[in-house]
Amino acid sequence: MSVSGAASAAAASTAAGPIAEYEAIIVGAGLSGMYMLIRLRELGMRVRVFEAGSDVGGTWYWNRYPGARFDSESWSYGFFFDDDLYQEWDWPEHFAAQPDTLRYLNHVADRFDLRRDMEFDAEVQAAHFDDARNDWTITLADGRQARAPLLITGLGPLSAPTMPVIPGVETYEGACCHTARWPHEPVDFRGKRVGIIGTGATAIQTIQTIAPEVGHLTVFQRSPNWAAPLNNSRITPEEQRKIKASARDIHERCFNTISCFIHNADPRKALETPPEEREAFWEKLYNEPGFGIWMGNFSDILVNEEANKLVTEFMAKKIRERVKDPKVADLLTPKNHGFGTRRVPLESGYYEVYNRDNVLLVDINATPIERITPKGVKTTEKEYEFDFLIYATGFDGVTGPYDRIDIRGAGGRSLREEWAEELPRTYLGVQVEGYPNLLMILGPHTARGNIPRNSEQIVDFLAGLVRHMRENGLKRVETRPEHVDEWQDHVERAAAPLLSSKVKSWQTGVNRNVAGRDVLRVLGYNGSAVKYRKTTERVAEGGYKEFQFE
Ligand SMILES: Cc1cc2nc3c(=O)[nH]c(=O)nc-3n(C[C@H](O)[C@H](O)[C@H](O)COP(=O)(O)OP(=O)(O)OC[C@H]3O[C@@H](n4cnc5c(N)ncnc54)[C@H](O)[C@@H]3O)c2cc1C
């Protein structure tokens, strides 16, 4: 449906044509945008969601690559705001595959009739604030415009895919695909020569899934990651019953852990635990489902170098045990960061893939890729020919989706330019100074872990803020500079003790495929999701005094 044809929109006219008017515009129809719409509808608002994709789902709409699945427990990932919804949905596995998650999000969209306020294939390219009118005008890729006092971004932390910067990418003549732009129809890999560039979380899921099917798979690796077993299984009817009966407890638990996962750090310290007890604990965690080995580990492994070295050696030993060729095992062992200092990919038989005759690991530090050719990939050693080339080269994390929109705040200032020149500065990750009435969900400097729970806290906070504005006839909300300084300082202090803050990854804002993104930046809030939630609750209870209103 076009903006001008939208049934619920009021209309204004400019020289450029009619502009549909709403009370709030949401960008993004992933789970954040969907939940924000539900909350704003409860306030009786006229809202429109604009989404670049052709349907709801965000991450789970776009990432259809083979093997895409959760590393969050499914039953901790779905929505909790409606108990009937929780009770009626059966997750088939403890860690659901992408088709099941997309099916779930479609179910939510149907159940709450969300699509009637959504517009698809509607990429927002510009968003400009009008200082006099206190409203935002957005411009879509096809030139159409819409306007609303409130602009709420649910762009997602991982929604701006990046292609590798390698000469000749455009010259490749075979089939190829970025994992986040995977075709909707299954790809038949049988007998094919397949190449994959990248070895991050997405690549790991893809590689372990397609290796048994392809004719031959060549993996181009620059930086190996520390992956741990997912230990997934189907949910039995008895487990299903227990999960549903404990919905409240699961939610409560997620809200009271550091990262909103069900796992929480063990208060003991690795350095103070006798070696046999330590090994036994790690062995147990290694064989348990999910992020326990990362989030439920000894409390010092992510902050103390010595403790981290011990657990890192445990994980290295596991790789050596699982990969037959010691040289390949060594190549798969990260040397530039310790275990857990990057988001840990969870795997199912990944390391064993390299014991297969039809899989080759190419170390592109030893033999760098010179170019992509019409037939495949040319390294300094040789040319590899492929029928299908996969780019598992990830995302320009957190700020990337913002950089792709021309966002202009008060006085025409540009967010893209400001964030290119200096670190993002926000208040609670929800507002940027100079951009009134722009409210971000999961913006820089918010807590991130089990993301729907982080998103839920932010959406609930923003819905409260909007309710406060409506009840008090307020038209404009802005940060107060002193609170931006305060939050910035707090965010930086919270990041300082973590070993992960010194490691280059998407979480520290580094992406070698994006110009200017080679410097470590603090992009998340590491002071725990509990502290983040309590801060937002305190601000809400205090009447939002940290913001200035007109
Ligand atoms: C492969 C993969 C696996 C993941 N697994 C997990 C997991 O197990 N647990 C976990 O907690 N998190 C996981 N994540 C993170 C995941 O992004 C979040 O869990 C969650 O989906 C975020 O929801 P969102 O709505 O905030 O963002 P998204 O789901 O990314 O949705 C954002 C939407 O905004 C749209 N958009 C962006 N820019 C524009 C624009 N300019 N105009 C119009 N539309 C726009 C995008 O098209 C997208 O549909 C995973 C991410 C990936 C990529």
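These figures come from a predicted structure and were not determined experimentally.

Turning to the overall build of the protein chain, a few remarks are in order. The secondary structure content of the protein chain amounts to 18 helices and 23 strands. Taking the principal axes of the C-alpha coordinates as reference, the protein chain spans close to 70 × 55 × 50 Å. Considering the protein chain as a whole, with its 550 residues, one finds that 59% of them fall into the buried category. In the protein chain, the proportion of contacts linking residues at least 24 apart, taken out of those at least 6 apart, comes to 71%.

Glancing now at the site of the ligand. Not every one of the 34 residues close to the ligand is listed here, only the nearest: Ser32, Glu51, Asp71, Ser72 and Tyr77. Here an oxygen atom of the ligand and a side-chain polar atom of Glu51 are 2.7 Å apart. One of the backbone nitrogen or oxygen atoms of Gly449 is found 3.4 Å away from an oxygen atom of the ligand. Put simply, the parts of the chain that give the shell around the ligand at least two residues each are helix H1 (31–42), helix H2 (59–62) and helix H16 (451–471). Ranked by residues supplied to the shell around the ligand, first place goes to H2 with three residues. Class assignment of the residues belonging to the shell around the ligand gives a composition of 18 nonpolar, 12 polar and four charged.

Here we come to the pairing of strand S4 (residues 47–50). Burial of the side chains of S4 extends over both faces: Val47 and Val49 are buried on one face and Arg48 and Phe50 on the other. Each parallel crossover has a hand, and for strand S3 (residues 24–27) linked through H1 to S4 it is right-handed. Pairing geometry for S4 and strand S5 (residues 118–119), over two bridges, is parallel. Bridging across to S5, Val49 finds its partner in Met118.

Our next topic: H1. Look at H1: 17 Å from first C-alpha to last across 12 residues, which is about the 16 Å you get at 1.5 Å a residue. Within the span of H1, buried status applies to Leu31, Ser32, Gly33, Met34, Tyr35, Met36, Leu37, Ile38 and Leu40. One or two residues past the end of H1 sits Gly44, with phi positive at roughly 75°.

Before going further, it helps to examine the pairing of strand S17 (residues 376–379). Of the strand pairs in this sheet, strand S16 (residues 369–372) and S17 are connected by three bridges, and their pairing is antiparallel. What sits directly across from Ile369, in S17, is Thr379. The loop that links S16 with its antiparallel partner S17 comprises three residues. In the sheet, S17 pairs with strand S18 (residues 383–385) via three bridges, with the strands oriented antiparallel. The residue bridging Gly376 from the neighbouring strand is Glu385, located in S18. Where S17 folds back onto S18 in an antiparallel hairpin, the turn is made up of three residues.

Below, the discussion takes up the packing of aromatic side chains. One pass over the structure, following the stated rule, counts 37 aromatic pairs. With a centroid separation of 6.3 Å and an interplanar angle of 45°, the aromatic rings of Trp182 and Phe189 are classed as tilted. By relative accessible area, which is 1% here, Phe189 ends up buried. With centroids separated by 5.8 Å and ring planes inclined at 75°, the aromatic side chains of Trp282 and Phe298 adopt a geometry described as edge-to-face. Separated by 16 residues along the polypeptide, Trp282 in helix H9 (residues 275–286) and Phe298 in the loop between helix H10 (292–295) and helix H11 (305–322) bring together distant segments of the chain. Exposure class is identical for Trp282 and Phe298. Each is buried. Above the face of the Trp62 ring, Arg181 is positioned so that its terminal group lies 3.7 Å from the ring centre.

Inspection of every chain in the model, using the stated rule, returns 45 salt bridges. The closest approach of N and O atoms between Glu119 and Arg48, which form a salt bridge, is 3.5 Å. Remark: Arg48 occurs in strand S4 and Glu119 occurs in strand S5; sequence separation between them is 71 residues. With respect to class, Glu119 is no different from Arg48; both count as buried. One salt bridge in this structure joins Arg476 and Asp131, with 2.9 Å as the shortest N-O distance. Here Asp131 lies in the loop between strand S6 (124–130) and strand S7 (135–140) and Arg476 lies in the loop between H16 and strand S22 (477–479), a separation of 345 residues in the sequence. The exposure class of Asp131 is partly exposed, given its relative accessible area of 37%. Here the residues in one salt-bridge network are Glu21, Arg133, Asp135 and Arg147, joined through shared partners.

Conventions and cut-offs
Here the residue index of a chain counts from 1 through its sequence in written order. Only residues with pLDDT of 70 or above have their local features reported here, since the model is predicted, and side-chain atom pairs are shown and tallied only from 80 upward, although totals for entire chains, interfaces and linings are computed over all residues. Note that water and hydrogens are dropped before the side-chain values are worked out from all heavy atoms of the structure. We count a stretch as a helix when DSSP gives it H or I for four or more residues in a row; a strand needs E for two or more, and each element gets its number in order from the N terminus. Partly exposed residues are those whose accessible area sits between 20% and 50% of the maximum for their type, while under 20% is buried and over 50% is exposed, using a 1.4 Å probe and protein chains only. Here a residue-residue contact requires only that any non-hydrogen atoms of the pair lie within 4.5 Å. For this description, a residue counts as near a given molecule or strand if any of its non-hydrogen atoms is within 4 Å of it. Side-chain atoms alone can form a polar contact between residues adjacent in sequence; in general such a contact is a pair of N or O atoms within 3.5 Å, and within protein one must be able to donate a hydrogen while the other accepts it. Three classes are used, and their members are as follows: Ala, Val, Leu, Ile, Met, Phe, Trp, Tyr, Cys and Pro are nonpolar, Asp, Glu, Lys and Arg are charged, and the others, Gly among them, are polar. Crossover handedness is defined here as right-handed if the route from the first strand over the helix to the second strand goes clockwise, with the strands pointing away from the viewer. Strand pairing follows a simple DSSP-based rule, namely that at least 2 bridges must link the two strands. Expected span of a helix: the number of residues minus one, times 1.5 Å. Two rings from Phe, Tyr or Trp (for Trp, the six-membered ring) form a pair when their centres are within 6.5 Å of each other. A pair whose planes differ by under 30 degrees is stacked, one over 60 is edge-to-face, and the rest are tilted. Here, a charge over a ring is recorded when the distance from Lys NZ or Arg CZ to the ring centre is within 6 Å and its angle to the ring normal is within 35 degrees. Salt bridge, as used here: a side-chain nitrogen of Lys or Arg that lies within 4 Å of a carboxyl oxygen of Asp or Glu.

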